[in-house]
Amino acid sequence: MTTLTHRARRTEVGKSSEKKVECEEDTNEDRGPDNEDSGDSKDIRLTLMEEVLLLGLKDKEGYTSFWNDCISSGLRGGILIELAMRGRICLEPPTMRKKRLLDRKVLLKSDSPTGDVLLDETLKHIKATEPTETVQTWIELLTGETWNPFKLQYQLRNVRERIAKNLVEKGILTTEKQNFLLFDMTTHPVTNTTEKQRLVKKLQDSVLERWVNDPQRMDKRTLALLVLAHSSDVLENVFSSLADDKYDVAMNRAKDLVELDPEVEGTKHSATEMIWAVLAAFNKS
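The chain has the name Golgi phosphoprotein 3 like in an unreviewed UniProt entry, where Canis lupus familiaris is given as its organism. Recorded in UniProt under Sequence similarities (unreviewed entry), the annotation for the chain is "Belongs to the GOLPH3/VPS74 family."

Caption draft 1: Geometry of the side chain of Glu 265. Residue placement: Glu 265 occurs in helix 10 (residues 262-265). A distance of 3.2 Å separates the side chain of Glu 265 from the side chain of Lys 268, its partner in a polar contact. Glu 265 has contacts with Pro 215, Gln 216, Leu 260, Ala 271 and Trp 276, leaving out every residue within four places of it along the chain.

Caption draft 2: A look at the packing of aromatic side chains. Summed over the entire model, instances satisfying the criterion amount to 2 aromatic pairs. Between Tyr 63 and Phe 66, the ring centres sit 5.1 Å apart and the planes meet at 20°, which makes this aromatic pair stacked. On the basis of relative accessibility, which here comes to 54%, the residue Phe 66 falls in the exposed class. Between Trp 138 and Tyr 154, the ring centres sit 5.5 Å apart and the planes meet at 75°, which makes this aromatic pair edge-to-face. With Trp 138 in helix 4 (residues 135-143) and Tyr 154 in the loop between helix 4 and helix 5 (159-169), the pair connects residues that are 16 residues apart, well separated along the chain.

Caption draft 3: View of the environment of Arg 160. Assignment of secondary structure puts Arg 160 in helix 5. When the C-alpha positions of Arg 160 and Ile 71 are compared, they lie 9.1 Å apart, and in sequence the two are 89 residues distant. Separated by 2.8 Å, the side chains of Arg 160 and Ser 72 make a polar contact.

Caption draft 4: Seen up close, the pairing of strand 4 (residues 184-187). What you see with strand 4 is a clean split: Met 185 and Thr 187 sit on the buried side and Asp 184 and Thr 186 on the side with no burial. Of the strand pairs in this sheet, strand 3 (residues 176-179) and strand 4 are connected by 4 bridges, and their pairing is antiparallel. Counterpart to Lys 177 in the pairing with strand 4 is Thr 186.

Caption draft 5: Molecular detail of the environment of Leu 156. Relative to the helices and strands, Leu 156 is located in the loop between helix 4 and helix 5. Assessed through its relative accessible area of 0%, Leu 156 is described here as buried. Measuring from C-alpha to C-alpha, the distance between Leu 156 and Leu 142 comes to 5.3 Å, with 14 residues separating the pair along the chain. Every residue in contact with Leu 156, bar those within four places of it in the chain, is listed here: Arg 76, Ile 79, Leu 118, Glu 121, Thr 122, His 125 and Leu 142.

Cut-offs used in this document
- Residues numbered from 1 in each chain as written.
- Predicted model: local features only at pLDDT ≥ 70, side-chain atom pairs only at ≥ 80, totals over all residues.
- Heavy atoms only, no water.
- UniProt positions renumbered as here; feature names shortened; annotations may be inferred.
- Helix = DSSP H or I, 4+ residues; strand = E, 2+ residues; numbered from the N terminus.
- Polar contact = N/O pair within 3.5 Å; in protein donor to acceptor, adjacent residues only side chain to side chain.
- Contact = heavy atoms within 4.5 Å.
- Phe/Tyr/Trp six-rings, centres within 6.5 Å; stacked < 30°, edge-to-face > 60°.
- Buried < 20%, exposed > 50% of the residue type's maximum accessible area, 1.4 Å probe, protein only.
- Pairing = 2+ DSSP bridges.

Next up, the structure:
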């Protein structure tokens, strides 16, 4: 869906919650302390979708690039990963025939509310859907990019605006109106630049000072965010402030990471399958 490029110049299924599901995913990925950077405990807790949107927003203008046609599906992929990491959904077991990630269905593990409207709305759709669907199909359904008119009700609407409102409530964004000659648009400039800078630095460090050259040893949420930032075409925003030499190193390492074979990485011990399934879906798009 999107590719990483170098720059020459710096310019711009459960039918109900009572039915237990056997999954390959670990059940202890519910944002536990082992999956968080040790330095993040004092910071505002953001969902993966909120972090992706924050990275994509222009600080002063308060909107994403008009040329970015990837962020909508990237945010939906973030919803699936967030639900998996909170122990609400998982992929069906690969079985003896070793199904590919993109062939395995998304199963409901728990329908207990998350407290996030978008996550809970998606959870409701997954619970009510029979037969179950794959990761790629769910991303298409949630974005409305489906040819099936009977499944348009699964589309999540006004996702960016709803995520932005969450960030406003958390004191990171504000709400303004801007006039663009022919129309007015609601924008959300960044007010808490410290939080965004912390997020950017965490990702920069993950491919520079804290680079481990093994995705299985990376913090799971950081790995997920790198994958989603790439898929949403906002990774350039993360590395643009780096000096040219560090920029090249960061881009090369991020490129190597997202070009790994999801089928191979997803089968490794302690791998979070949903991250690699979402990456595989975007690679196929």
